[in-house]
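Next come the chains, spelled out residue by residue.
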Amino acid sequence: MEADNQDFNATVIAAVEDKQNYFDSTILPKVQENYRLHLTCVNNIVEALVRKSLIVPDPYQKDKKISGITCPPDTQFNDNDRASQLGLRLSDYQSMLDYICNYLKFSVDQLNLDKTRKLLAFNATFAWNNLTPNSAKQNTRSLAVCIIEAKKGAQALQIAMLSDSLSKTKTAMEEINTSLNELATFQKERYKAEVRKNVIGNGQFDRSKMSDAGSFMAELKRVFPTAMPKRPFSDELIGEIIQEEISPNRIQLQEAVLERLKIVKPKKDTQKEEENTHEMLMQTVCTIGAMSEHYTSVIEKLMNNHHVLENCHNTFKDKAMRFLRHIFGIAEPEIEYNIVITDKATNQKHKEKLNFNEFVTNLTKRTKYYAGITSKHAAGYSRVNAQKDEAILEFLNKQIADNGRLQVVLTAIDEFFKATVPPTDRAKIKGIKMELTTLKNLLVKANQDKSEYVAYMEEKEQMKKLGIEDE
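Residues numbered from 1 in each chain as written. Predicted model: local features only at pLDDT ≥ 70, side-chain atom pairs only at ≥ 80, totals over all residues. Heavy atoms only, no water.

Novice: When you look at the overall build of the chain in this model, what are you seeing that I'm missing?
Specialist: Along its length, the chain carries 15 helices and two strands. Against the 2.2 N^0.38 benchmark of 23 Å for 471 residues, the chain shows a C-alpha radius of gyration of 29 Å, more extended than a compact globule. C-alpha extents for the chain along the principal axes are approximately 105 × 60 × 50 Å. Residues counted as buried form 42% of the 471 residues belonging to the chain. Counting contacts in the chain only where the partners sit at least 6 residues apart, residues at least 24 apart contribute 76% of the total. Surface exposure of the chain reaches about 25,900 Å², of which carbon and sulfur atoms provide 52%. (Helix = DSSP H or I, 4+ residues; strand = E, 2+ residues; numbered from the N terminus. Rg over C-alpha atoms; globule rule 2.2 N^0.38 Å. Buried < 20%, exposed > 50% of the residue type's maximum accessible area, 1.4 Å probe, protein only. Contact = heavy atoms within 4.5 Å. Areas by Shrake-Rupley, 256 points an atom, 1.4 Å probe, with all protein chains shown as cover.)

Novice: It is not clear to me how the pattern of salt bridges should be interpreted in this structure. Could you clarify?
Specialist: For the coordinates displayed, the defined rule picks out 28 salt bridges. The salt bridge partner of lysine 118 is aspartate 114, with a shortest N-O separation of 3.5 Å. Highlighted residues: lysine 118 and aspartate 114, both in helix H3 (residues 113-123), separated by four residues, approximately one helical turn. The partly exposed category is assigned to aspartate 114, whose relative accessible area is 44%. Glutamate 352 is the salt-bridge partner of arginine 405, the closest N and O atoms lying 2.9 Å from each other. Residue arginine 405 is located in helix H14 (residues 389-420), and its partner glutamate 352 is located in strand S2 (residues 349-355); the two are separated by 53 residues in the primary sequence. Judged by relative accessible area, which is 23%, glutamate 352 ranks as partly exposed. Taken together, the salt bridges that share partners define one network made up of Glu189, Lys192, Arg196, Glu240, Glu244, Glu245 and Arg260. (Salt bridge = Lys/Arg side-chain N within 4 Å of Asp/Glu carboxyl O.)

Novice: Explain unusual backbone geometry to me, please; I cannot follow it from the model alone.
Specialist: In the Ramachandran plot, serine 53 falls in the positive-phi region, its phi being about 60° despite a non-glycine side chain. Secondary-structure assignment places serine 53 in the loop between helix H1 (2-51) and helix H2 (82-103).

Novice: For this particular structure, what's the right way to read H3?
Specialist: Regarding H3, the residues found buried are Leu113, Thr116, Leu119, Leu120, Phe122 and Asn123. Of the residues that open H3, the one with a side-chain oxygen 3.2 Å from the backbone nitrogen of aspartate 114 is asparagine 112. (Polar contact = N/O pair within 3.5 Å; in protein donor to acceptor, adjacent residues only side chain to side chain.)

Novice: What am I meant to see in the environment of glutamate 358 here?
Specialist: The residue glutamate 358 is located in helix H12 (residues 356-371) in this model. C-alpha of glutamate 358 to C-alpha of threonine 26: the two residues are 332 residues apart in sequence and 46 Å apart in space.

Novice: Even after reading the chapter, I still don't get the side chain of glutamate 219, so can you show me in this structure?
Specialist: With respect to the secondary-structure elements, glutamate 219 resides in helix H6 (residues 213-227). According to the relative accessible area criterion, glutamate 219 is buried, its value standing at 5%. Side-chain polar atoms of glutamate 219 contact the backbone nitrogen of aspartate 206, separated by 2.9 Å. Not counting residues within four places of it along the chain, the set of residues in contact with glutamate 219 comprises Gln204, Phe205, Asp206 and Lys209.

Novice: What am I meant to see in the pairing of strand S1 (residues 336-342) here?
Specialist: It is a general feature of regular strands that their side chains alternate between the two faces of the sheet. Burial along S1 is one-sided: Tyr337, Ile339 and Ile341 are buried, while Glu336, Asn338, Val340 and Thr342, pointing the other way, are not. Bridge analysis of S1 against S2 gives seven bridges, and the strand direction is antiparallel. Note that in S2 the partner of glutamate 336 across the bridge is asparagine 355. Hairpin connection, S1 to S2: the antiparallel pair is bridged by six residues, and asparagine 347 has positive phi, about 65°. (Pairing = 2+ DSSP bridges.)

Novice: Teacher, can you tell me more about the packing of aromatic side chains here?
Specialist: Two numbers describe a pair of aromatic rings. These are the distance of the centres and the angle of the planes. Under the counting rule described, the total for this entry stands at 17 aromatic pairs. An angle of 85° between the planes, with centres 5.1 Å apart, marks the rings of tyrosine 93 and phenylalanine 126 as edge-to-face. Of this pair, tyrosine 93 sits in helix H2 while phenylalanine 126 sits in the loop between H3 and helix H4 (138-151), and the two are 33 residues apart along the sequence. For tyrosine 93, a relative accessible area of 0% corresponds to the buried category. (Phe/Tyr/Trp six-rings, centres within 6.5 Å; stacked < 30°, edge-to-face > 60°.)

Dropping the structure here:
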């Protein structure tokens, strides 16, 4: 029996290593990608609620320091406090999501059982798969009520975008929770494999003590502190090891362990993939179109900031010059701002003159065009959809490049207004950092999706050249 158990232990240890590699290379990168999609969707939802004055975001959100995974409270509050309380909790939720997406390392070594459970608890802050005003949970109930209010009297495009964000975030969170629950199960088996390797496989361990459960447990407790000094002793999991080693039904238990460690890769439907390559591109087109609403908000804030700055220079001389130009039919001079552009590659800065009116006009045209490709029922979408894949890919490459440049310019304009307006009027300036973050996330998503399409098509072409046909 001892030889059989040693063979089983070796099989388990090897299976755990294989599954850890699978988690690190396949499952956890997808979890991170879904979290980033979820963050983008949440930002869209929050922005829609703020625009409707249904919530008041935390003004000190960016000042809070985050060092670990925590959950916003779900305590009760009065309906009269919904705007402020839900606003605070959504701000905390956004900040934690940003921390998870950008600072948490998605690997089996980093996401131990404790962190995995904390992530699952955080994910339950809002029941994204069941957002109803009848929910027993305060956060879910309040958010559901606000979303219903946000849709009342809203334009069809705004409702469609809000619904799209809710649908995508529901799917993303379902996939995340499924993967994290699988990870939690795996972490238990990984812990048990470490005990098998480092404790039972230790030269100090007396295998003759494995004859009964009491002696087995005592021997494990004796060797464990020196063999695994940084790991806690789990009575529950080590109890499972004892059962899997010496219980009468150990064969069935061992088979169950190996079944849990089996890597089940989703089967690829080749025909479906073949048909959906065009759809892959069009989904990316929709992601670009989703930028429309956020650029609309950017334009509103830029115009506000422009008027604040203009009013700072509204001297008697300025008024007289405007009057004379009006009398003699002289056109108003172009408004040019000297902005500081930072090169992302070299981090070097240089000044550029920006024709503000021309910039806003072009951005408005872009916004209107994007609004026409955000929905499958829009005329603009149909025109793009009718083109060949090569033309759509070229279109996407141009849009991604243009929006990357826009990110740099808009960041510079935002900094320009904040630095140029006198301190007495600085409170009137509306920052666009939230919109820029959302636009950046959409741009990253679009670029990832486009890259996946290109990689798939290149692989397919390479296989064709090698004479390999899909089974």
